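Overview (structure and organization)
Residues per chain are reported as follows:
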Amino acid sequence: NAGVMQNPRHLVRRRGQEARLRCSPMKGHSHVYWYRQLPEEGLKFMVYLQKENIIDESGMPKERFSAEFPKEGPSILRIQQVVRGDSAAYFCASSPYSGQLETQYFGPGTRLLVL
Amino acid sequence: AQKVTQAQTEISVVEKEDVTLDCVYETRDTTYYLFWYKQPPSGELVFLIRRNSFDEQNEISGRYSWNFQKSTSSFNFTITASQVVDSAVYFCALLSSNTGKLIFGQGTTLQVKP
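Computed from a predicted model, the values in this text were never measured in an experiment.

In this section: the overall build of chain A. Regarding its fold elements, chain A presents zero helices and eleven strands. When the helices and strands of chain A are placed in sequence order, the string is β-β-β-β-β-β-β-β-β-β-β. Counting across all 115 residues of chain A, residues that qualify as buried make up 47%. Contacts in chain A between residues at least 24 apart in sequence constitute 54% of all its contacts with a sequence separation of at least 6. Carbon and sulfur atoms provide 47% of the accessible area of chain A, an area that totals close to 5900 Å². Seen as two clouds, the 16 positive and the 11 negative side-chain charges of chain A have centres 8 Å apart.

And the structure:
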């Protein structure tokens, strides 16, 4: 049973470009969570999604960031017009059908570097 | 407010020593879940254990053991006979039954020297 998949593992962007981070949950998991790990701030929740629905985006910056989890395909975290402060590790986690009280299993992360 | 505190930023031990990583949490929820995750130098986050607020039994898994004490709001993690491969950052996390989000502590960096 494959784990949570994230790609790319490393992403380099110049200021002003767009970054697209992909996450495929574990088989049978329908809940996806995104977290960001900034160098001096630890791991912080960004957004919680189920298929085609955003459940909680309270941790997502109001501008430039968006997330989706379509009926088919991976979840996407999109960062528009990246700035240097967006450089971080972005982790995706998934949990099973029974949802938000289940253990969240994490992917390997995407390391975003903004030049 | 919900909060997780890992007061130890870095710990360094010599192989075969026992080491305990502290975790203190704050929540007003009566139902909640506590977790430990390991982040080795390769960077991924590995799930280690989950505990719910109604189960205060301590747990042992090989060289790992966890001590959950509701009275002191603590969920400490002990590694017995540490090994170099245990070197990693360890995160304690709280999951409220009211939300789907994990609240992480700042992490403890454990270095095990040969």
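What follows covers the state of the cysteines. All chains considered together, the criterion is met by two disulfides over all chains. Here C23 of chain A engages in a disulfide with C92 of chain A; their sulfurs sit 1.8 Å apart. The sign of the S-S torsion, about -50 degrees, decides the handedness of the disulfide formed by C23 of chain A and C92 of chain A: left-handed. Taken together, the residues span a long stretch of sequence, with C23 of chain A in strand β3 (residues 19-24) and C92 of chain A in strand β9 (residues 88-96) at a distance of 69 residues. Assigned by exposure class, C23 of chain A and C92 of chain A land together as buried. In this model, C23 of chain B is linked to C92 of chain B through a disulfide, with the two sulfur atoms separated by 1.9 Å. Taking the sign of the S-S torsion, about -65 degrees here, the bridge from C23 of chain B to C92 of chain B comes out left-handed.

Turning our eyes to something else, we now look at the pattern of salt bridges. Residues and elements named next belong to chain A. Counted by the stated rule, this structure contains seven salt bridges over all chains. R64 is the salt-bridge partner of D86, the closest N and O atoms lying 2.7 Å from each other. Of this pair, D86 sits in the loop between β8 (75-79) and β9 while R64 sits in the loop between β6 (53-56) and β7 (65-68), placing them 22 residues apart in sequence. For D86, a relative accessible area of 2% translates into the label buried. For R64, a relative accessible area of 25% puts it in the partly exposed group. Several salt bridges share partner residues, and in doing so they unite E18, R20 and R78 into one network.

All names here are of chain B. Applying the stated rule across the entire model yields 21 aromatic pairs over all chains. Centroid distance W66 to F77: 5.0 Å. Interplanar angle 5 degrees. Geometry classified as stacked. In this pair, W66 sits in strand β8 (residues 64-69) while F77 sits in strand β9 (residues 74-79), placing the two residues eleven residues apart along the sequence. Of the two residues, W66 and F77, both sit in the buried class.

Attention shifts here to the interface of chain A and chain B. Between chain A and chain B, the contact holds 23 residues from the first and 21 residues from the second. Buried area between chain A and chain B, both sides added, is near 1700 Å², and the carbon and sulfur share of it is 54%. Of all residues in chain A, L43, L101 and F106 of chain A bury the most surface against chain B, accounting for 33% of the area lost on that side. Across the contact surface, chain A and chain B share one salt bridge. Here K101 of chain B makes a salt bridge to D56 of chain A, at a shortest N to O gap of 3.7 Å. Counting every contact that joins chain A to chain B gives six residue pairs in polar contact (both at pLDDT 80 or more). Those elements that place two or more of their residues in the side of chain A that touches chain B are β4 (29-38), β5 (42-50) and β10 (105-106) of chain A. Top contributing element to the side of chain A that touches chain B by residue count: β5 of chain A, with five residues.

All names here are of chain B. Here strand β7 (residues 59-61) pairs with β8 via three bridges, running antiparallel. By the bridge assignment, E59 is partnered in β8 with W66. Where β7 hands over to β8, the hairpin turn is made up of two residues, of which G62 adopts a positive phi near 65 degrees. With six bridges joining them, β8 and β9 adopt antiparallel strand pairing. Within β9, the position partnered with S65 by the bridge is T78. Hairpin connection, β8 to β9: the antiparallel pair is bridged by four residues, and S73 has positive phi, about 50 degrees.

What counts, and where the lines are drawn
- Residues numbered from 1 in each chain as written.
- Chains lettered and ligands numbered in written order.
- Predicted model: local features only at pLDDT ≥ 70, side-chain atom pairs only at ≥ 80, totals over all residues.
- Heavy atoms only, no water.
- Helix = DSSP H or I, 4+ residues; strand = E, 2+ residues; numbered from the N terminus.
- Buried < 20%, exposed > 50% of the residue type's maximum accessible area, 1.4 Å probe, protein only.
- Contact = heavy atoms within 4.5 Å.
- Areas by Shrake-Rupley, 256 points an atom, 1.4 Å probe, with all protein chains shown as cover.
- Lys, Arg positive; Asp, Glu negative; His and termini not counted.
- Charge placed at Lys NZ, Arg CZ, Asp CG, Glu CD.
- Disulfide = S-S within 2.5 Å.
- Salt bridge = Lys/Arg side-chain N within 4 Å of Asp/Glu carboxyl O.
- Phe/Tyr/Trp six-rings, centres within 6.5 Å; stacked < 30°, edge-to-face > 60°.
- Buried area = accessible area lost by both parts, 1.4 Å probe.
- Polar contact = N/O pair within 3.5 Å; in protein donor to acceptor, adjacent residues only side chain to side chain.
- Pairing = 2+ DSSP bridges.

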